[in-house]
Every structure is written in C-alpha cells, then in structure tokens.
Amino acid sequence: MKLTLQIQDTDAPKFDNEALFIEQISKSIEEKLDISMPDATVVQLPFKEWLSDRRAETELFYWNRYRDYLLQNGFPKNVIGTIGRDTDKIVGLLQNPHLAAPWKRRGLVVGHVQSGKTANYNGVVCKGADYGYKVIILLAGVHNNLRSQTQQRVEEAFIGVDTDKKDRNLPLKDIKIGVGRISDVTRLPFSLTSREYDFRKDSAKAATFSLNSISEPVIFVVKKQATVLQNLYEWLLSLNDIKGGKIQSTPMLLIDDEADNASVNVAKGEGDPTKINGLIRKLLALFDQNSYVGYTATPFANIYIDPESNHSMFEDDLFPKDFVVTLDAPANYVSAARIFGESGDLAHLINPVSDHTKHFPEKHKIDLSVGALPQSLLEATRRFVLARAVRILRGRGQDHSSMLVNVSRFNTVQRQVTGLLTDYLDEILNAVKLHGALPDQAALKDPTYSSLKQTWDLFFPECSEEWLQVKKALPQAVGAIVVRTINNSSPDRLDYKNHSENGLHVIAVGGLSLSRGFTLEGLMTSYFIRNSIMYDTLLQMGRWFGYRDGYLDLCSIYMTSEAVGWYSHISNAIDELRSEFRLMEKQARTPEEFGLKVRTHPDSLIVTARNKMRTGKKVVHSVSLAGRLIETAYLKADAHAISSNFSALVEFIKTASISAKAYERGEHGHLWSEIDANDVCNFLNRFDNHDDASAITQARPVIEFIKANMGTFKNWDVCLYSLRAGHETPVGPVGVAAQVRSTAIKAGCYLVGGSKMRVASRGAEKAGLTKTQIATAESGAENKNIADVEYRNVRTRPLLMLHVLNLVTPDDKTDVIANDVCAWGISFPGLKGKGRGVEVEYMVNTVWWKTQYQDQMDEDDENEAASGVGK
C-alpha cells in the first residue's frame, strides 16, 4: 500500500537530508496517532434536550467546513471527534434558537490555559450559526493584540475571508482563508469588525447594516473595553427595530473569552456594577432571546468569589446558573500539573532564578535603571538561540519561534531590557560569524562563543543533534531573531501572520499584554520574574502551557523558587477541584453547588484577599475544611515564636503519650491513635500562627470547624514525623530526627518548603491508615506516584501532622536559617453524606496583603484604566 502525504508548502519541513525528512515525518505521524482527548464533564440544571431532535434536519454547513479545516491542519480524528461531542454538549445546553418564546441561558466553560479553548468556542460559533443563532458577539479580552489574534482565528474557522482585504473590495478568490478554501460555496457570515479595526458605529458597514436584512449570521469580535461595548449597544439600539425595549426573534449568542477578567462585577463600593459587567448585561438584555457562555482557565473564577454573599452570587446575571462544562485537554498538552504537580513529568523544564534581584527585583519602581542583565537571562537567551538552531536542523526552521521575558510591569523597564537583549544578540551573532567556521580549539577562546558551547554541553546532552551540526546552523538561528517590546504604548507587534513563509523568531519583552489568551507561537524559552499571588494572574502569565510537539525537549522555564511554589500550589488545588467536579457530574449536582464548592475552598481566601485589598479592612470569608489538607507553610520568623511553638509541641506530645489508645514507631515517625479532639484544639490554640500570611491555619476557625463536626472528628491520629537516621532532638518522651526544608524569608515570615510550598513530604498523609485503606487508595491511581489526596479520601479519622524542621536557604542546603522549628498540618477526611459540612468564618487582613502586593494592585488598576473596566 502506498502512503501519500499532503503537506502545504508553507508547513513542509525543509531538509537537505531525505532520510532525516522521512524519519521526522514518520515520527510526526506516530505522535499524532497517539494523541487522545477525554470528553468534557458537565454539571447542570434539568433542561429539555433539543439538539439531537434537530441534528438530522439541520444542514451543519459551518461545522462541517470547520471540521474539514481542522483535519487539514493536522488535528487527529479522535481529537476532532471529542471537540464535536464537547461542542454538541455546550450548544445543546444553550437554548434552541427556533424556540419562539423569549428565553435566556447562562453557562460557563472551564478549560486549561493555552489548551485549545479557541478551537472549542470556534466550534460553538459554527454550530450556533448552523442551528439558528443570528447575532454572535465574541468578547476577546482587553488588549488589542488578543482581539486582533482572535479575529484572525475566527476568520480562519468561521468567516472564511480576510476581513481587512474584504474591506478593500478585492475579488473573493484573493481573500479566502482557512475554511473559505475548503469549499466553493460562497456563504459568508457578516463581520462588522476586522483584524485592524474593532467595532465602530460610524464605519461605513455599520451605517448601512440592519439586522432585519441579514441572510447569514453576523459576528462581532470586540474588546472588553467600555467605549467599544457602549458603541455597540447604542448602535444596536438605534439602527434596529426595537419593540418593547427588546430586539425580538433574533437569537443572540454572547461568548465571553477570559470571563473571569473584566466581566465580573467587582465594584469597589456599593451601587452600580462595574462598567464592563453592566454593559455585557445591557447587551444581553437588549435581545429577548439570548444565551451567554463564558470561558475561563481557572475554576477559581471570580464569578464565584467576588459577591459579598452567596445570595448575591446567584443574583448576578452572568452567574452560570444553567450549566458549567469543564474541558479536558489532549494527551500532548503541557499542563501546570505536568510541570509543577507532585507527579509532574516535566519538572526538569524549570530553572530556579535567584541572581535577578540587583537588576530587577520583584518589587521596583518605574524609574528603575537596568544597566546590565543577570547571567540567568543571558543563559536563557543562549538556550533560545541553540534551540532555534536545533529546530533548523530538524527541518522546522521556518516555524515561528518565541521567547518570553516578563520581568516588569513598567514600560520603561521593558524598553531597557529590550535594548540590552538586542545588544547581546548582536554580540552572539558577531561571535558565531567570526569564530563559527574555526576549529573549536581556536573558536572557544572567544568568551561569547565559549559560553554557547558550555550552555550546549550543560543543557542539551540528550539531543540527538551534534555540536558540529549545531554550530553551523547558529548564524541562521540567531540572525533571524528580533527583540520586541509588547505593551500598549509600544509600536511593536507580534505579527506572526505577516511572517508565514519563514516564520517570526522573536524575544517578546512585556507584561500584561503577553498574558490573558494571547498565544506566543512556538514558545520555547520563558523567563518570568513577577510578584503575584493570584491564581488567575499567574496562570495567565504562564504562556508556556500549551502544545510543544516536536520541540518539547528544547523548552525551558526560568523563574524564582517562590513562583515555582505558587504554581505548584495552584496546580494541586485546581487538580483537586477538577476531580471534585467530575464526582459532582456523577452525582447530578448543580452549578450552584459547584459555585459554593469553589467559594468555600480554602484557597478562595487568597482570591478574597486580593479582590478586597483596596478596602484596607479585615474581610470575613466562609470556608469548609472537609476533605482538605491545611499546613503552616508560613511561619513567624522570630525566636520567641519558634521557642513558644516548640514548647507547645513538647507539652502536647507528653499529653498524647499518656492518653493515646495506641502508639507505634513506624516508617513516618511516632504515631499515636485515638487522641481526643480537645487535646488537639488546645495545641492549636497555643501555637503562635502567622494569622496574616497563613490565614487558613488561624486557630479560631479551625477549632470551630473541629468542634462543629465533633461527631466525625472526636478521635484523631497524631504523627510526629522523624527521619529514620540522624541526630535526634528530645520532644517530651520521644526523640525526633529533624527534617530539612528549603526556606525563604519574606515580610517577617518563613516560607517553608521552597519550590513546593509544602511542609509535609509526599506520602505523609498515609500515616495512621490501615493496610486495607492504603490498598484502596492506591488501587485507583494511574501511576506509582500517589497523590496524598488519595489517602485523604479513604481516611476516617483526621490526622494531625507535626514536624520539627531545620530550615535552610534555597541555594545552599548547608546554610542553616533556624533549627528545631515546629510546624503542623491537618488532613481532614471528607464528611460522607454531609456535603461540605459546617462553614467557618476566617478573618482576612487585607492591610497585610496590600502591603505585600501593592504593585499587583497598581498593575490591576492600570489595566482597568486602560480598558475602561471600572466605573
């Protein structure tokens, strides 16, 4: 049988070696055949299914064309099949546009960062149009570059023509793109936006357009910017037939990309909602038949967190009261869990950075002068150049390639970094031109050339390519690279579409403009030095999530150990919520119940702290601890607290040794069983907790939660962890070999656990379980790296986890910060049949959070001002 490959010229690998060409193509085919994608999960209110009844009678023109387009672009058939099923679920949960009566639907789709949400909502657009939605509004973030990129993708997936060229009245054959090249049929949706221009009510197209005359759907791809949305609202109001204050019998679908950004009502005081939120609701209310579906990458979406009460959360017109869908990603997706998770297979991509502080510390002012770049950034740049050379050797030198540099929110600092990086690339180019053709013995006398060789030897030992091949490709690799500053005031643009033939090879220096949905094509190297506590901000700044087929082995991520710790924490929390979401689907729970699950998750305290920082007041927030692990990962960094806490530990161990029903010295350390809950509460009350930095371990609410669930939490397991060998410190009647933990010092507290921000080691929650319980927990695991949540799920008694720690610096494990530091954690079992259990109120000190993260708040305010998000 003869196998024929059809490859577009611009996508074809360029090889001088035919054997290498065949090898690379064969490998690509094998990789694509091996890609799978799980189906989406759904929680919803009861709803009459309509889509299956209409599927047979409906011509799915737009969807079939889009499906063929995905096939031509290399999507595996099974992945397209999953996209088809997922989009059927979502469109089927919208209202049937043929239903004559007034209606409205509200939903949310939760995906992963850079995972293909765009492919999904383009499928929803196509099917929505096929089934009868006449007006489609797509809200595409708050930045021009993202809106333009989204417009281009909608043109390729749905419209079928380049709208910029269409506006110049060129022949149809010259402006077809994407799906427009699939078929000769000339059905064209109307678009009143283009890549160049957002919606303008004074444009020639808008002035002559009427909804009453359309034969195909009309789509608007607009920014979430107050002026744009106000203009769109006024235009719809003035130029169309309004009866009873509504546009009637014209089904409208509003898709809100990055729905947790700008769309949510986060008014800083009482009164009207914020502008963007209010305008979205006004646009929806203008149509008597309307459906809203938001897309977000974090289950900790503000739409669950921001309202002052549960009641007001459900009253908000954008709350997804009808359905919530969670999308899974294909098997080749590079996720946060793979990089930062406990079982992550890509942890080696991370390179901790600590030499940046004298150049651009996390906190700095707008007038910071950057005279030189840290060695870590120069190293990252060399790795990008070398990775480019390898991709050239692999025949993919014409593919886009990018490096991300995100070190400051200030445009002036970004411009300085851009200048220094440009100068360093010139230095590298001169070195490889002058010395690359020489034997290495002579060439390596040049320090810049030598640093390239050292970087190659250090970071690319597994590459099949040889240095002698790579050095020949270096002039081409570095010569094509440009450095661009990407922010709202810079003229630079990441215009990948204008470099389709030979690729755009770019080091992009920026801040917020590089976040929130914008895709850096061919991203291989990331250098990230930012001070943020927010899940959404961190996830969106993480442009390295996505797909890296054919060059994953060349990728690298540079960031601080603290940032790695936050990402690790986020990854575990989100995986936990996604797991709970799948369980809620099986139990036929509602969106309201999922909203409350998010809202009462311990990590919602962090979201609350950031959102309420401006108030400068203490904020009360309710949390449930059932089925959760809490730890004192932040400890007071003063001698009195350390001494006091150790004394509290000694007294508690003396009590436990007397009252316990059983004791054993096991693999984890000292284990006492059936300790009375009141003794545990007394210890927690004596422990000097850092109530600001470690709000979740505040004694009062934790004790309240224990006492409110005394029936389940009456008897406890207590484990005092100890190494199996080493010097033992006396703790009451027993000896403990202290554990060593990498620790940073910040704002008067110890950040315990280094890059993992965990006090306990993996498997620590196994303590106190029976052999049967352990076997049950491990039986459902997909690999040998068992997440501790699996042990928690089978636990019947809560576990108090006690630690004696020797704290050391992240960079030097022999540099001891403090010895015999006490920390604790609690593994709470779930409350079977009792839902979340009693919620307890935590006090969040927003003054402390504001002090630590003022620059984060300033950046958010600047972003709001630029987009008109506020009032």
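Residues numbered from 1 in each chain as written. Predicted model: local features only at pLDDT ≥ 70, side-chain atom pairs only at ≥ 80, totals over all residues. Heavy atoms only, no water.

**Q** Sorry, what's going on with the overall build of the protein chain here?
**A** Looking only at helices and strands, the protein chain has 31 helices and 31 strands in total. Buried positions account for 59% of the 871 residues belonging to the protein chain. Long-range contacts, defined as pairs at least 24 residues apart, comprise 79% of the intrachain contacts of the protein chain with a sequence gap of at least 6. Accessible surface, the protein chain as shown: approximately 35,200 Å² in total, 50% of it carbon and sulfur. (Helix = DSSP H or I, 4+ residues; strand = E, 2+ residues; numbered from the N terminus. Buried < 20%, exposed > 50% of the residue type's maximum accessible area, 1.4 Å probe, protein only. Contact = heavy atoms within 4.5 Å. Areas by Shrake-Rupley, 256 points an atom, 1.4 Å probe, with all protein chains shown as cover.)

**Q** In this structure, what is going on with the pattern of salt bridges? I would like to understand it.
**A** Oppositely charged side chains can form a pair if their charged atoms are brought close together. Considering all chains together, one arrives at 37 salt bridges under this definition. Between Glu778 and Lys766 there is a salt bridge, and its shortest N-O distance comes to 3.9 Å. Of this pair, Glu778 sits in helix α28 (residues 771-779) while Lys766 sits in the loop between β28 (749-752) and α28, and the two are twelve residues apart along the sequence. Owing to a relative accessible area of 32%, Glu778 belongs among the partly exposed residues under this scheme. What makes Lys766 buried here is its relative accessible area of 18%. Residues participating in the shared-partner salt-bridge network are Arg55, Asp88 and Lys127. (Salt bridge = Lys/Arg side-chain N within 4 Å of Asp/Glu carboxyl O.)

**Q** What is the right way to look at helix α19 (residues 467-479) in this model?
**A** Helical geometry note: an α-helix holds 3.6 residues per turn, so side chains three or four residues apart project in the same direction. For α19, spanning 13 residues, the distance from its first C-alpha to its last is 18 Å, which sits close to the expected 18 Å at 1.5 Å a residue. In the core, the buried residues of α19 are packed alongside α15 (375-393), α16 (411-435), α17 (440-443), α18 (447-459) and β14 (481-486). (Expected span 1.5 Å × (residues − 1).)

**Q** Help me out: how do you make sense of the sheet that holds strand β18 (residues 556-559) in this one?
**A** Strands belonging to one sheet form pairs held by backbone hydrogen bonds; the direction of such a pair is parallel or antiparallel. As summarised here, the arrangement of the six strands in space is β12-β18-β16-β13-β15-β14, forming an open sheet in which the pairing is parallel. The sheet is open, and its two edges are formed by β12 (350-352) and β14, each paired on a single side. Taken pair by pair, the neighbouring strands of this sheet meet at an average axis angle of 15 degrees, ignoring direction. For β12 and β18, the ladder comprises three bridges, and the chain directions are parallel. Of the residues in β18, the one forming a bridge with Pro352 is Met559. Strands in contact with helix α21 (residues 561-586) are β12, β16 (523-528) and β18; relative to β18, the strand with the most contacts, it is inclined by about 115 degrees. (Pairing = 2+ DSSP bridges. Axes fitted to C-alpha atoms, helices over the stretch in contact; angles between N-to-C directions.)

**Q** Honestly, unusual backbone geometry in this entry has me stumped. Any pointers?
**A** Glycine aside, negative phi is the norm for most residues, and most peptide bonds take the trans geometry. In this structure, Ala588 is a non-glycine residue whose phi angle is positive, near 55 degrees. By relative accessible area, which is 62% here, Ala588 ends up exposed.

**Q** Could you clarify how one ought to interpret the nonpolar core in this entry?
**A** Nonpolar side chains in soluble globular proteins tend to end up buried together. Within the largest apolar cluster, 69 residues are counted, with the highest numbers of intra-cluster contacts made by Phe360, Val405, Val417, Ile507 and Tyr527. Per element, the largest residue contribution to this core is ten residues, and it comes from α15. In this structure, Val405 is in contact with Leu377, Val417, Leu421, Ile507, Ala508, Val509, Gly510, Leu514 and Tyr527, ignoring residues within four places of it in sequence. Ala633, Phe646, Ala738 and Leu751 belong to the second-largest nonpolar core, a separate cluster that totals 62 residues. (Core = buried A, V, L, I, M, F, W, Y, C linked by side-chain atoms within 4.5 Å.)

**Q** Would you mind showing me how to read the sheet that holds strand β5 (residues 218-222) here?
**A** Spatially, eight strands are ordered β1-β10-β2-β9-β8-β3-β5-β4 in an open sheet, and the strand pairing comes out mixed. Of all strands in the sheet, those with a lone pairing partner are β1 (41-44) and β4 (190-191), marking the two edges. Taken together, the five bridges between strand β8 (residues 252-257) and strand β9 (residues 289-296) define a ladder with parallel strand orientation. In the sheet register, Met252 faces β9, and the bridge partner there is Asn290.

**Q** Got a minute to help me understand the packing of helix α3 (residues 61-72) against helix α5 (residues 117-131) in this structure?
**A** Two quantities define a packed helix pair, namely the angle between the helix axes and the distance between the axes. Remark: α3 packs on α5, axes separated minimally by 7 Å, with the N-to-C direction vectors making an angle of 150 degrees. As far as their axial angle goes, α5 and α3 are roughly antiparallel. Between α3, through Phe61, Tyr62, Trp63 and Tyr66, and α5, the contact on the second element is made entirely by Thr118, Ala119, Asn122, Gly123, Cys126, Lys127, Ala129 and Asp130. Per-class residue counts for the contact of α3 with α5 are seven nonpolar, three polar and two charged. (Parallel < 35°, antiparallel > 145°, perpendicular 65-115°, else oblique. Nonpolar A, V, L, I, M, F, W, Y, C, P; charged D, E, K, R; others polar.)

**Q** I'm lost on the packing of aromatic side chains in this one. Help?
**A** For any pair of aromatic rings, the description rests on two quantities: the centre-to-centre distance and the angle between the ring planes. Summed over the entire model, instances satisfying the criterion amount to 26 aromatic pairs. Seen from their ring centres, Phe687 and Trp824 are 6.3 Å apart, and the 85 degrees between their planes marks the pair as edge-to-face. Residue Phe687 is found in the loop between α25 (677-686) and α26 (699-708), and its partner Trp824 is found in strand β30 (residues 816-827); the two are separated by 137 residues along the sequence. In this pair, the class of Phe687 matches that of Trp824, namely buried. Pairing Phe705 with Phe828 gives two aromatic rings, centres 5.4 Å apart and planes at 85 degrees, and the pair type is edge-to-face. Here Phe705 is found in helix α26, whereas its partner Phe828 is found in the loop between β30 and β31 (840-845), with 123 residues between them in sequence. A network of ring pairs unites the aromatic residues Phe190, Phe199, Phe209, Phe220 and Trp235 as a single cluster. The ring of Trp63 has Lys127 lying over it, and the distance from NZ or CZ to the ring centre is 4.2 Å. Of note, Arg200 hangs over the ring of Tyr197, and the distance from its end group to the ring centre comes to 4.2 Å. (Phe/Tyr/Trp six-rings, centres within 6.5 Å; stacked < 30°, edge-to-face > 60°. Lys NZ or Arg CZ within 6 Å of the ring centre and 35° of its normal.)

These figures capture arrangement, not role.
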